[in-house]
Amino acid sequence: MLLRKITLEEFGAYRGKQSLDLTPKKNKPIILIGGLNGCGKTTLLDAIQLALYGNRARCSGRGNKAYDAYLRESINRKADPTRGSAITLEFTVMTGGHEHYYRVVRSWHISGKTLKEFLNVYVDDTYGARAKTQHNVTPEGKFNRLLSEGWADHVESLLPLEIASLAFFDGEKIESLADPERAASVIESAVHSLLGVSTVQQLRNDLLALQRRQKLSDEEQHLLDNIRAQKAEQDAVSSQYDIAHQELAHSLTELGKAQRKLDSLEKAFADEGGDLFTRRIELENDKKQTAARLAQVRGELIQLAAGPLPLLMAQPLLQDVRRQAEREQEAQQSAQVLEVLEARDQWLLDLVPDTVRADVLKQLDADRAERADKTQLLVDLHLPHDALAQLTVLNELLQRDQERSQQLLHSAAELTEQLDQLDRQLAGVPAQDKVEALQFARDEQIVEVARSQAACDRAKAKLEDLKRRREHVTTLLERAHKEFVRTKVKAEEVERIIKYSEKARDTLERFGSALLKRHISRLEVAVLQSFKVLMRKQGLVHDLRIDTDKFTLTLADADGEPIDPARLSAGERQLLAVSLLWGLMRVAGNRLPSVIDTPLGRLDSRHREHLVDRYFPNASNQVLLLSTDEEIDEYLLGRLKKSVAQTYTLVHDDTEFTTAVVEGYWWNAGAQHAG
């Protein structure tokens, strides 16, 4: 598909009739459309989708509004609402080797209190042949009533709505594709719709329908009615399941927002000293207990000081007293022994022979003289006879009290340090008026997170219940179909149809599985190559895998360890999402246009250059860039110039609140072509 031209009449900020030629040129796929914020770039993107999909279009400005209300508000405020607005989108599509030119005109106006909408589709089946002989052919085409009435189904064969999100996207919202669940949904839709896997499944369904499509007898009518009822129930459950899936996605988004706000409040609360404020009472109790223990320790020290412990300061004097006591005890013992020794010596002298008596007498006299000297003390304190025993007991008491006092002093030092630490912490406790508002907001947000989590849990439970119901209904429907088929197998022709249809369906199932694996393998390589081309950090991601069952995307580093997408920066996540879209387009053969609104948000200068040099010129055969002057500035325009076919600038009149389309970009104004 190639977009050729779009014309807006009184749509949004676009006053009057504004047209843009969107036809790319050889080796120049880019159509560059510049506009400041609020000038209508996103409105232009919405117009393309609205022209194609109408009520189903995912327009950014619609939100939860009703479709009629959105169309009413889309009429230019200066325009006559009875004349209304219109969008004309012209594009070409290759089908069966031939190029067909489509012109889709969607218009609406207000009649009384009613809004009326019209859709007219024109097709030129001979455009491809005439375009070879005539330059810049713009055929009117023939009005096709059947195609106009069945356009919602026909456009799905040209560009399915799920695939349109890959072709038309807002660069500021593309980061959401880095989320594993969102990426899995996109990959699954793209592989099935964009790469043709759904065609195989449709063939299997058609063969199944062929098996069931037989002329009914009266007996079989009841069975068919049962099948129709079960099919209706299956459709209802599937619809409820889709709605529940959307509700779960919304709940998860709300939960993420609530959690991020709570994290922000928690950080602000911590930065203001909220943790200390919360522990204030605990700290004060710890201080009281520590002070009480310190007072108890000091009391024990005072009690020890009231005992014999101070005598440690007179330790030398106590040693002198002990020596004096020993001398006095020895003097007393010598005095008591002298009289006994004198009688003993006389007895001994009578016993010894006369030849040795003189020597023995001399030795005995010396011994008595020595003992007599000991009885002579220079100082006699007249200490009690048990003074030594008392001094020994005193030494033991002093040793015990000294050890206890050291323990108490150590405990007192530790408690004093703890008390100082608690005083410092209490000094750091912020005032109540500084954290009270943050604490209140944090507590409220905790309740909000819990509410959001409960909503997510309910949505998950509802989704699981509907999933079981859907599986149950599908099982019953399959059983009824098999019963119906069995009742229809009455003739050889019917048996042959069923037999070969089953074989064909089995073959298609195997082919579909092989085709899916092949596409997934090619997609892994294409996305990884695209990511490496765009990334500044070449060694960050070494491998990329896509699960063939759940379609989840997994990144791995050089060691084979998985990389959490949350570890990537906002710019890197945006590049990952761009790489996913680029890889899908490359595998699909670049046959769809890419319309990118706000293409360079959140990217640093190096990553912007990578996108301008490597992605935009190769993203597709046609690339529409809706950019501000700060995204694709004069420098980047110079790098992009050789790939640009057309340039436009959306000029907004701030007095009239209207937008006009001017050929040329800011730095090449007046020039329709950039190269």
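Only a predicted model underlies this, so the values are computations on that prediction, with no experimental measurement involved.

Caption draft 1: Local environment of the overall build of the chain. When you go through the chain residue by residue, the secondary structure sums to 19 helices and 15 strands. Buried positions account for 41% of the 675 residues belonging to the chain. By sequence separation, contacts in the chain at least 24 residues apart represent 73% of the contacts at least 6 residues apart. Of the roughly 37,500 Å² of accessible surface on the chain, 51% is carried by carbon and sulfur atoms.

Caption draft 2: Representation of the pattern of salt bridges within the structure. On inspection of all chains with the given rule, the structure shows 15 salt bridges. Arginine 4 is the salt-bridge partner of glutamate 99, the closest N and O atoms lying 3.1 Å from each other. Of this pair, glutamate 99 sits in strand S5 (residues 98-111) while arginine 4 is found in strand S1 (residues 2-11), placing the two residues 95 residues apart along the sequence. For the pair formed by glutamate 99 and arginine 4, the shared burial category is buried. In this structure, lysine 65 and glutamate 73 form a salt bridge, with 2.5 Å as the shortest nitrogen-oxygen distance. A relative accessible area of 33% means that lysine 65 is categorised as partly exposed. On the accessibility criterion, glutamate 73 (52% relative accessible area) is exposed. Taken together, the shared-partner salt bridges in this structure form one network comprising Glu524, Asp543 and Arg545.

Caption draft 3: Spatial organisation of the pairing of strand S4 (residues 85-95). S4 sits mainly inside the fold: nine of its eleven residues count as buried. Bridge count for S1 against S4 is seven bridges, and the pairing is antiparallel. Within S4, the position partnered with leucine 2 by the bridge is threonine 92. The pairing of S4 with S5 spans eleven bridges and is classified as antiparallel. Looking at S5, one finds that methionine 94 is bridged to glutamate 99. The turn linking S4 back onto S5 is made up of two residues, and glycine 96 within it adopts a positive phi angle of 60°.

Caption draft 4: Focus on the sheet that holds strand S9 (residues 543-546). Judged by pairing direction, the sheet is antiparallel, and its three strands sit side by side in the order S9-S10-S11 without closing on themselves. If you trace the sheet from one side to the other, it starts and ends with S9 and strand S11 (562-563), each paired once.

Caption draft 5: Structural detail: the packing of helix H17 (residues 570-587) against helix H18 (residues 605-615). Axis separation between H17 and H18 bottoms out at 12 Å; the angle between their running directions is 10°. It follows that H17 is roughly parallel to H18 by the angle criterion. Residue-level inspection shows Glu572, Leu575, Val578 and Trp582 of H17 in contact with H18, the latter providing His607, Leu611, Arg614 and Tyr615. Broken down by class, the residue content of the contact of H17 with H18 amounts to five nonpolar, one polar and two charged.

Caption draft 6: Representation of the packing of aromatic side chains. Inspection of every chain in the model, using the stated rule, returns eight aromatic pairs. Summarising the aromatic geometry, the rings of tyrosine 665 and tryptophan 666 are spaced 5.0 Å apart at their centres and angled 75° between planes, so their arrangement reads as edge-to-face. Each member of the aromatic cluster is reached from another via a ring pair, and the members are Phe91, Tyr102 and Trp151. Lying over the aromatic face of phenylalanine 657, arginine 77 brings its terminal NZ or CZ to 5.5 Å of the ring centre. Just above the ring of tyrosine 122 sits the side chain of arginine 103; from NZ or CZ to the centre is 4.2 Å.

Caption draft 7: Layout of the packing of helix H1 (residues 41-53) against helix H5 (residues 151-158). At their nearest, the axes of H1 and H5 sit 9 Å apart, and the two run at 120° to each other. Taken together, the axes of H1 and H5 lie oblique to each other. Here Ala51, Leu52 and Tyr53 of H1 come into contact with H5, specifically with Trp151, Val155 and Glu156. Classifying every residue of the contact of H1 with H5 by side-chain character gives five nonpolar, no polar and one charged.

Caption draft 8: Representation of the side chain of asparagine 76 within the structure. Locating asparagine 76 in the fold gives a position in the loop between helix H2 (67-74) and S4. Its relative accessible area of 2% is what places asparagine 76 among the buried residues. In this structure the side chain of asparagine 76 is engaged in a polar contact, spanning 2.8 Å, whose partner is the backbone nitrogen of lysine 78.

Caption draft 9: Molecular detail of the confidence of the model for the chain. The predicted model of the chain has a mean per-residue pLDDT of 79, with 80% of residues at 70 or higher. Taken element by element, the chain is modelled with least confidence in helix H3 (residues 127-133), mean pLDDT 53, and with most confidence in S1, mean pLDDT 94. This stretch, residues 670-675, has a pLDDT under 50; its non-local contacts, to residues over four places away or in other chains, come to 24 contacts.

Caption draft 10: Spatial organisation of the environment of tyrosine 70. Tracing the backbone through its elements, the reader meets tyrosine 70 in helix H2. Distance in space between the C-alpha atoms of tyrosine 70 and asparagine 55 is 9.7 Å, their sequence separation being 15 residues. If we ignore the near neighbours within four places in the chain, the residues touching tyrosine 70 are Phe11, Asp46, Leu50, Cys59, Gly61 and Arg62.

Caption draft 11: Structural view of the nonpolar core. By size, the foremost hydrophobic cluster in this structure holds 105 residues, and its most contacted members are Ile6, Leu50, Leu52, Phe91, Trp151, Tyr615 and Phe616. For this core, the element with the most residues is H17, which contributes nine residues. Contacts of isoleucine 6, omitting those with residues within four sequence positions, involve Gln18, Ser19, Leu20, Leu22, Leu44, Ala47, Ile48, Ile87, Thr88 and Leu89. Membership of the second largest hydrophobic core comes to nine residues, among which are Leu301, Leu304, Leu415 and Leu419.

Analysis parameters
- Residues numbered from 1 in each chain as written.
- Predicted model: local features only at pLDDT ≥ 70, side-chain atom pairs only at ≥ 80, totals over all residues.
- Heavy atoms only, no water.
- Helix = DSSP H or I, 4+ residues; strand = E, 2+ residues; numbered from the N terminus.
- Buried < 20%, exposed > 50% of the residue type's maximum accessible area, 1.4 Å probe, protein only.
- Contact = heavy atoms within 4.5 Å.
- Areas by Shrake-Rupley, 256 points an atom, 1.4 Å probe, with all protein chains shown as cover.
- Salt bridge = Lys/Arg side-chain N within 4 Å of Asp/Glu carboxyl O.
- Pairing = 2+ DSSP bridges.
- Axes fitted to C-alpha atoms, helices over the stretch in contact; angles between N-to-C directions.
- Parallel < 35°, antiparallel > 145°, perpendicular 65-115°, else oblique.
- Nonpolar A, V, L, I, M, F, W, Y, C, P; charged D, E, K, R; others polar.
- Phe/Tyr/Trp six-rings, centres within 6.5 Å; stacked < 30°, edge-to-face > 60°.
- Lys NZ or Arg CZ within 6 Å of the ring centre and 35° of its normal.
- Polar contact = N/O pair within 3.5 Å; in protein donor to acceptor, adjacent residues only side chain to side chain.
- pLDDT = per-residue confidence, 0-100.
- Core = buried A, V, L, I, M, F, W, Y, C linked by side-chain atoms within 4.5 Å.

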